[in-house]
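Letter by letter, the chains look like this.
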Amino acid sequence: QVQLVESGGGLVQAGGSLRLSCAASGRTFSRYAMGWFRQAPGKEREFVAAVTWSGRNTYYADSVKGRFTISRDNGKSTVYLQMNSLKPEDTAVYYCAADLNMYSIATIVEEYDYWGQGTQVTVSS
């Protein structure tokens, strides 16, 4: 079992920045890949970013490439999402997820095994 708890969401003006954190517990953190997804009201959950177990390989959705950065600290069992140049269309509930395939860069919801409860990010124009 893996437990994931997100934090760091909030209200920010367009152009601002936020850093989300996701603290993991349970299984050894360095043995699984991690991803961030988001879900806006009335829309399906969509992929944002993913990172392999080592942090060496990352992948981003086109909509956030160049603005968001995913990273992880295996010593702290935490994955981060640094979000810069935020836009109103980034408004959503953000979820972190764990993929037990540690080498994976998965972009679809069904590939992930565990999910956090989500944290709200609201970007005002």
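Just so you know, these numbers come straight off a predicted model, no measurement behind them.

Colleague: Explain the pairing of strand β8 (residues 78-83) to me, please; I cannot follow it from the model alone.
Modeller: A regular strand places its side chains so that they alternate between the two faces of the sheet. Burial of β8 is extensive: 5 of the 6 residues sit out of reach of the surface. Here 6 bridges tie strand β3 (residues 18-26) to β8, and the two strands are oriented antiparallel to one another. Pairing of cysteine 22 across the sheet is with valine 79, part of β8. Pairing of strand β7 (residues 68-73) with β8, which is carried by 6 bridges, proceeds in the antiparallel orientation. When the bridges of β8 are listed, arginine 72 appears paired with valine 79. Taking the residues between adjacent antiparallel strands as the criterion, β7 and β8 are bridged by 4 residues, where serine 77 takes a positive phi near 50 degrees.

Colleague: Sorry, what's going on with the side chain of glutamate 6 here?
Modeller: Assignment of secondary structure puts glutamate 6 in strand β1 (residues 2-7). From its side chain, glutamate 6 meets the backbone nitrogen of cysteine 96 in a polar contact 2.9 Å long. There is a polar contact of 3.0 Å between the side chain of glutamate 6 and the backbone nitrogen of glutamine 117. Ignoring any residue separated from it by four or fewer positions in sequence, one finds glutamate 6 in contact with Ser21, Cys22, Trp36, Tyr94, Tyr95, Cys96, Gly116, Gln117, Gly118 and Thr119.

What counts as what
Residues numbered from 1 in each chain as written. Predicted model: local features only at pLDDT ≥ 70, side-chain atom pairs only at ≥ 80, totals over all residues. Heavy atoms only, no water. Buried < 20%, exposed > 50% of the residue type's maximum accessible area, 1.4 Å probe, protein only. Helix = DSSP H or I, 4+ residues; strand = E, 2+ residues; numbered from the N terminus. Pairing = 2+ DSSP bridges. Polar contact = N/O pair within 3.5 Å; in protein donor to acceptor, adjacent residues only side chain to side chain. Contact = heavy atoms within 4.5 Å.

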